[in-house]
Structures are given as structure tokens and as C-alpha cells.
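Structural characterization, general
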Amino acid sequence: MVQKQPELYHAYIGSGLMANLSLSEELSYEFALSESQKHNDTISVNLLKQIGRPPYIENSKNSVTEAFEIERQIVMKYAPIKLETDFNFIKRMFLDNGLTFSEKFTDMINSPETYYPAAKILQPTAIDMNLMCDIPELKVPVYILQGDNDHFTETSVAKMYFDSIRAPSKKWFLFENGTHGVQVEYPEKYRSIYINEILKK
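Residues numbered from 1 in each chain as written. Predicted model: local features only at pLDDT ≥ 70, side-chain atom pairs only at ≥ 80, totals over all residues. Heavy atoms only, no water.

Counting its secondary structure elements, the protein chain contains 11 helices and 3 strands. Reading the helices (α) and strands (β) of the protein chain from amino to carboxyl end gives β-α-α-α-α-α-α-α-α-β-α-β-α-α. The contacts of the protein chain with a sequence gap of at least 6 include a subset with a gap of at least 24, amounting to 72%. As displayed, the protein chain offers around 12000 Å² of accessible surface, 57% of which is attributable to carbon and sulfur atoms. (Helix = DSSP H or I, 4+ residues; strand = E, 2+ residues; numbered from the N terminus. Contact = heavy atoms within 4.5 Å. Areas by Shrake-Rupley, 256 points an atom, 1.4 Å probe, with all protein chains shown as cover.)

Attention shifts here to the packing of aromatic side chains. Within the structure shown, the criterion is met by 5 aromatic pairs. Aromatic pair F175 and Y186: ring centres 6.0 Å apart, planes at 35°, arrangement tilted. Residue F175 is located in strand β3 (residues 170-175), and its partner Y186 is located in the loop between α10 (182-185) and α11 (187-198); the two are separated by 11 residues in the primary sequence. Overall, the relative accessible area of 26% leaves Y186 in the partly exposed class. When the ring of F175 is compared with that of Y190, the centres are 6.4 Å apart and the planes differ by 45°; the resulting orientation is tilted. Of this pair, F175 sits in strand β3 while Y190 is found in helix α11, placing the two residues 15 residues apart along the sequence. An aromatic cluster is defined as three or more aromatic residues linked by ring pairs; in this entry it consists of F175, Y186, Y190 and Y194. (Phe/Tyr/Trp six-rings, centres within 6.5 Å; stacked < 30°, edge-to-face > 60°. Buried < 20%, exposed > 50% of the residue type's maximum accessible area, 1.4 Å probe, protein only.)

For the structure on display, the rule yields 9 salt bridges. R72 is paired through a salt bridge with E71; the nearest N and O atoms lie 2.9 Å apart. Using a relative accessible area of 15% as the deciding quantity, one classes R72 as buried. Among the salt bridges present, the one from K159 reaches D163, with a minimum N-O distance of 2.8 Å. Taken as a pair, K159 and D163 lie in helix α9 (residues 155-164) at a separation of 4 residues, close to a single helical turn. For K159, a relative accessible area of 29% puts it in the partly exposed group. (Salt bridge = Lys/Arg side-chain N within 4 Å of Asp/Glu carboxyl O.)

On to α11, then. Across its 12 residues, α11 extends 15 Å between first and last C-alpha, which sits within 8% of the 16 Å expected from 1.5 Å per residue. For α11, the complete set of buried residues consists of P187, Y190, I193 and I198. Seen along its axis, α11 keeps its buried residues to an arc of 130°; they face one direction. What points out from α11, more than 90 degrees from its buried face, is the exposed set E188 and R191. (Expected span 1.5 Å × (residues − 1). Arc of directions from axis to C-beta.)

For the rest of this paragraph, the subject is unusual backbone geometry. Note that the residue after P54, namely P55, is joined by a cis bond; omega there is 0°. Checked against the element boundaries, P55 lands in the loop between α2 (42-51) and α3 (64-78). Positive phi is not limited to glycine here, since N177 has a value of about 65°. Inspection of the secondary structure assignment puts N177 in the loop between β3 and α10.

Of the positions making up α2, those classed as buried are S44, V45, L48 and I51. Projected down its long axis, α2 shows its buried positions confined to an angular sector of 135°, all on one face. Along α2, the residues that are exposed and aim more than 90 degrees away from the buried face are T42, I43, N46 and K49. At its buried positions, α2 is contacted by α1 (21-38) and α3. Backbone geometry just after α2 places G52 at a positive phi near 80°.

Now the structure itself:
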């Protein structure tokens, strides 16, 4: 959308950037397997060997979507999203007037499969996506906010895309010890970047 109608956008802001899903998945799988072996986690090692290396294929035990979910659960074990210990973000969410009462509870009462069907629908298309080839240039400023320990959307792949993209201006923000959820792990820093770095441009 930003590529096709840049006049409608102030900037492109990427966080947890899915720049090249197939390459990212390969690296993510390697991380999950390496960490599982390092921790003598034989259950996880066996699960990873069962689904096989990406690109996942449907087999007698797992569908492609289930393979993704299995790998993601193991990644979460070794690179979990770190939430504020006082859970202030939950308080702020419930006080936010931008969501209806039911929307505030939807995440908690529904499973990811029912509330986030997009992952299943888009995965077959997304696996072939490579922003370095598909979107090598944007006509608006580009800002990437990425955790340095993101193994859902591998940081090294996001940085590869950032380095390759052509844009009027671009800026890379790396969150130390951040994973795939820097917006909830470091909400003040995340908000400060929006206000002081992006909106003031």
C-alpha cells in the first residue's frame, strides 16, 4: 500500500519486520534447534526433527500451519517476549478509549486460531515474500524498530532489508534485549521514538 500510494502516508514504520519469510524461517528454526540442544531439551529437539526444516511440508503428523506453531512455541521458550513485571500495559489497554469493551477482552477469551486467522490464510503467500526484491524502494521515510533478539522475524534479515531499501531517509532503531514485541517490552522508548523521531520530521 505504501509503495502504491505513498502520498497517503507520512512514513513506513516496521516493527518485527517480515522482510524475507523463507530465509527468516530457516534462521529461526536453526535458533530453536540450537537452543534446544544447548539446554538438553530432547522433547523440543524431537518435535523440530519431526516437522523438519523449513519450508515445512504437510506430513502424517502435522500440517504446515501446525509446523509453524510448533516451531514458534519453541522459539518463545528461548526468546520470550518480556512484559513489564507490573503489567501496567494491561491497565493502559483497559483505560484506552480506542477499543470497545469486548475488544479489550477478545485476546484473553479467544484462542489465536480463532482470533488471528490471517496467519493461516496468508502463510502460503507470505512464505514467498521477499521485500528486498518485491519492494526495493519507498517514496516515504522508513523507520525500522527491531528487537536484537527477535527470532520470530529474524533481526539479521530485517537489517538486510533496511540496508538495501532506497528511501528519502531511513533510520534503524535496535532495542537491546528486545524480542518480537518491543512495543510492549519497551513502551516508553517505543513511544518516544514515534513522538521525537518520526512525528517531528
